[in-house]
Amino acid sequence: MTHIIPSAEVTTPEQALLYYQSLSELRHLIDCVVDDALKKGFQVVTKEKSSTSNDNLDDSIGREIENKLFELNIQDVLKKVLLYERIYSNGCLVYFCIDSDVPQIDLSKPIEGKINKIMSINVLKENQFSVQYKYDSVLSSKYNEPTFIVGGKEIHHSRCIWIVRNFDRETKKGISVLEDCFDSCKGFNIAKWSITTNMYELSQKVYKSPVVGSGNNMEVFNFLQRLRLSMSTQSYVSLNTNESLERNDFKDNGHLKPILDFFVETMCINSGIPQARLKGAAHGVLASGQYDMASYFELVNREQEIYGTPVLDKIISLLIMYKEINLPENLDWNINWIKIWSLSENEIADVQLKKANTDKTDIESGKLTPDEARMNDPRINHLGSMTEERDSTIE
């Protein structure tokens, strides 16, 4: 039985950035999820914590929070967060520069009282901060509490948030998407280079002349160089009667495409991104049988919820501390990410047909009345709500 020995090699932040910049396939695997996650944005739904009902607060509060978020250039912040946590093994640190009446000199202390505003949000790469653990005893209640060091200064966790993927407390390291996909992307680039080299060998020109073998080798070499230049620029040559120029073509017999397909499949397995997305399928529309694309949209949604939502929650909790914004201190909120996918028209029609057949069977068997079927139909409910709203407006 073959034993797999874990590699002790660690990818440094500088190497990770270099791999990302130099390997186009690796960059595409990382960027496509980030771009799709931020494609349609999010909504902030607010509610009072003490409220026992499911009614939300006035939409103006949620819109005011969203406006403040976009004033802080939240789109750029989220893009850097999702990008860095996929590139670097230890992710990124989101640091909040606070303006307050209380001097913010000792950054190791928590933020207290009201603040004037968030001056800026800085997303730090892995090589711009360090993570330390003061308590290594597994019996300590602070075993899992990290300490963040930036520029030699300790930063309190109320002033920042750490976003990292697959972090292991014992090794103090995470595993990035770049590390998962690097080998397959590197193999794909080597295969491309090999195929490009083989392309030059698929066609050869053979020059036959009595001069070859009887003259000076250097003179023959120089003549062939001039002959090649003449053919590539003028497409014709003149030969003597006892000379000839032949072209020999070779076929690859279909061996090249399976090599590239193998590496593409490996990249898809390692990244969780289907080939349809890598090859440029239409965004956001599910056609029949595209279960791999449905799985991909779930992956994007997890990326939003796990790595994007905590950053937004942290910022909103700081916005509640603003002096100029009169937000309820017992404010509760939810971040609703707008779905990036939808059913195709054929899929919608198919679902409606199946629902109609089910209602017909239930009505015929007596399980359901026609009125109950109408009440359960979202299309009729939508029309009914529009009619009620129109009638109330008229009154």
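One can find the structure itself at the top, above this paragraph.
How each quantity is defined
Residues numbered from 1 in each chain as written. Predicted model: local features only at pLDDT ≥ 70, side-chain atom pairs only at ≥ 80, totals over all residues. Heavy atoms only, no water. Core = buried A, V, L, I, M, F, W, Y, C linked by side-chain atoms within 4.5 Å. Buried < 20%, exposed > 50% of the residue type's maximum accessible area, 1.4 Å probe, protein only. Helix = DSSP H or I, 4+ residues; strand = E, 2+ residues; numbered from the N terminus. Pairing = 2+ DSSP bridges. Axes fitted to C-alpha atoms, helices over the stretch in contact; angles between N-to-C directions. Contact = heavy atoms within 4.5 Å.

Engineer: Hey, could you go over the nonpolar core for me, with residue numbers and the actual values?
Structural biologist: Residues F42, I65, L69, V311 and I315 are the most contacted members of the largest nonpolar core, which totals 70 residues. Looking at which element gives the most residues to this core, the answer is helix α9 (residues 291–319), with 12 residues. Core analysis: the second largest hydrophobic core is formed by 12 residues, L124, Y133, F148 and V164 among them.

Engineer: Go over the sheet that holds strand β3 (residues 117–124) with me, naming the residues and quoting the values.
Structural biologist: Strand order in the open sheet formed by 3 strands is β3-β2-β7, and the pairing between neighbours is antiparallel. Bordering the open sheet on either side are β3 and β7 (160–163), each of which pairs with just one other strand. Adjacent strand axes in the sheet meet at a mean angle of 15°, parallel and antiparallel pairs treated alike. The pairing of strand β2 (residues 92–99) with β7 spans 4 bridges and is classified as antiparallel. Bridging from a neighbouring strand, C92 pairs with I163 of β7. The strands touched by helix α4 (residues 74–87) within the sheet are β2, β3 and β7, with β3 carrying the most contacts at an inclination of about 25°.

Engineer: Before we move on, could you go through the environment of L318 and cite the residues and values that matter?
Structural biologist: Mapped onto the elements of the fold, L318 is located in helix α9. Between the C-alpha atom of L318 and that of I115, which follows or precedes it by 203 residues, the distance is 8.3 Å.

Engineer: Account for the sheet that holds strand β4 (residues 130–132), with residues named and values stated.
Structural biologist: Taken together, 3 strands build an open sheet; the order of strands is β4-β5-β6 and the sheet is antiparallel. Taken across any chain shown, the strands that pair with only one partner, and hence form the sheet edges, are β4 and β6 (153–155). In this sheet, adjacent strand axes meet at a mean angle of 40° when their direction is disregarded. Two elements, β4 and strand β5 (residues 147–150), share 3 bridges in a ladder whose sense is antiparallel. Bridge assignment links V131 to a residue of β5, and that residue is F148.

Geometric descriptors of this kind do not, in isolation, establish any biological role.
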